[in-house]
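# Residue-level structure breakdown
Below, each chain spelled out in residue letters.
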Amino acid sequence: RAIIMSNLKFRVELHDFRDKAIRDIEHLIELSDFIERVLYKEEKRRTAKAINSFKDITEDYDRGFIAECNAEDIFEIKHDFPRLQRYALFVAAMGIIEAGIVSLCRVTIRILDLKVAFNDRDSPVIIKGIKFLQENENIRIDISRYQNYRSLSENLIKVRNCIAHSEGNLKSRKKTEAQD
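All of these numbers come straight from a predicted model, not from anything done at the bench.

Moving on to helix H4 (residues 147-166). Taking 1.5 Å per residue, 20 residues should reach 28 Å; H4 reaches 28 Å between its end C-alpha atoms and fits that length. Restricting attention to buried positions, one finds in H4 the residues Arg150, Ser153, Ile157, Cys162, Ile163 and Ser166. Residues of H4 that are buried in the fold lie against helix H2 (60-111) and helix H3 (125-135).

Quick look at the structure:
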């Protein structure tokens with residue numbers, strides 16, 4: 001009976017955990033869509049402002065200077081801001097996944113009253129968490145059908161690290177890391 005209650009409690013917490021993870025990712029997607037729409041509108045506004053800024057200017061030098069300023073403003077909103085926003089949201093999504101894996105490991109330890117610890121201080125947390133859940137003999141979770149996700153996670157971690165540590169530039173990374 002204790003095992004059944006423990007299993008039921010585990011399933012309820014796992015269900016809550018899954019629902020929270022889905023909501024968090026949905027909110028991140030909504031935020032991303034919202035920011036992309038705002039940036040698109042701002043690009044259109046800046047473009048219209050740039051066009052209007054030439055109306056009363058007749059000097060070539062002044063027109064060239066204003067064109068440069070406008071081009072910089074438009075480039076910033078069209079390229080720099082979206083790139084930074086996407087990087088930030090990607091890193092945030094990876095953080096949500098990491099936090100979820102840590103929570104899943106902690107809930108599993110608590111519900112099943114395991115006498116083992118999960119070290120969430122060492123990287124890569126996602127891979128360590130999956131390995132912890134997969135290799136612990138007291139946990140009977142068949143994750144064999146999710147091996148593709150583990151491989152994907154390993155690649156996403158590399159992308160996240162590239163963004164977080166090299167501004168998305170693989171060329172500035174060490175040669176061996178860039179080839180991985």
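The next thing to look at is the pattern of salt bridges. Using the criterion set out here, one finds 9 salt bridges in the structure. Two residues, glutamate 36 and arginine 86, come together in a salt bridge whose shortest N-O distance is 2.9 Å. Of the two residues, glutamate 36 is situated in helix H1 (residues 2-52) and arginine 86 in helix H2; the sequence distance between them amounts to 50 residues. The partly exposed category is assigned to glutamate 36, whose relative accessible area is 24%. Across the pair arginine 106 and aspartate 120 runs a salt bridge whose closest N-O atoms are separated by 2.5 Å. Of this pair, arginine 106 sits in helix H2 while aspartate 120 is found in the loop between H2 and H3, placing the two residues 14 residues apart along the sequence. Exposure remark for arginine 106: the relative accessible area of 48% places this residue in the partly exposed category. Three or more residues are tied together by salt bridges with common partners; here these are Glu42, Arg45, Arg46 and Glu76.

Moving on, we come to the nonpolar core. With 16 residues, the main nonpolar core has Cys105, Phe118, Ile126, Phe132 and Leu133 as its most contacted residues. Elements with a contribution of two residues or more to this core: H2 and H3. Residues contacting isoleucine 126, with those up to four places away along its chain left out, are Met94, Ile97, Glu98, Ile101, Ser153 and Ile157.

Attention shifts here to the confidence of the model for the protein chain. Per-residue pLDDT for the protein chain averages 82, and the proportion of residues at 70 or more is 86%. Across the protein chain, H2 holds the top mean pLDDT of 89, while helix H5 (residues 175-179) sits lowest at 50.

For the rest of this paragraph, the subject is the packing of aromatic side chains. Taken as a whole and assessed by the stated rule, the structure comprises 1 aromatic pair. Centre to centre, the rings of phenylalanine 118 and phenylalanine 132 are 5.4 Å apart; their planes meet at 55 degrees, and the pair counts as tilted. Remark: phenylalanine 132 occurs in helix H3 and phenylalanine 118 occurs in the loop between H2 and H3; sequence separation between them is 14 residues. With a relative accessible area of 14%, phenylalanine 118 lands in the buried category. Residue classification places phenylalanine 132 among the buried positions, given a relative accessible area of 12%.

Here we take up a nonpolar patch on the surface. On the surface, a nonpolar cluster with roughly 260 Å² of combined accessible area is contributed by Leu31, Phe34 and Val38. Following the sequence through the fold, valine 38 ends up in helix H1. Its relative accessible area of 40% is what places valine 38 among the partly exposed residues.

Calculation rules
- Residues numbered from 1 in each chain as written.
- Predicted model: local features only at pLDDT ≥ 70, side-chain atom pairs only at ≥ 80, totals over all residues.
- Heavy atoms only, no water.
- Helix = DSSP H or I, 4+ residues; strand = E, 2+ residues; numbered from the N terminus.
- Expected span 1.5 Å × (residues − 1).
- Buried < 20%, exposed > 50% of the residue type's maximum accessible area, 1.4 Å probe, protein only.
- Contact = heavy atoms within 4.5 Å.
- Salt bridge = Lys/Arg side-chain N within 4 Å of Asp/Glu carboxyl O.
- Core = buried A, V, L, I, M, F, W, Y, C linked by side-chain atoms within 4.5 Å.
- pLDDT = per-residue confidence, 0-100.
- Phe/Tyr/Trp six-rings, centres within 6.5 Å; stacked < 30°, edge-to-face > 60°.
- Patch = residues over 30% accessible without salt bridge, like charges linked within 9 Å, V, L, I, M, F, W, Y side chains within 5 Å.
- Areas by Shrake-Rupley, 256 points an atom, 1.4 Å probe, with all protein chains shown as cover.

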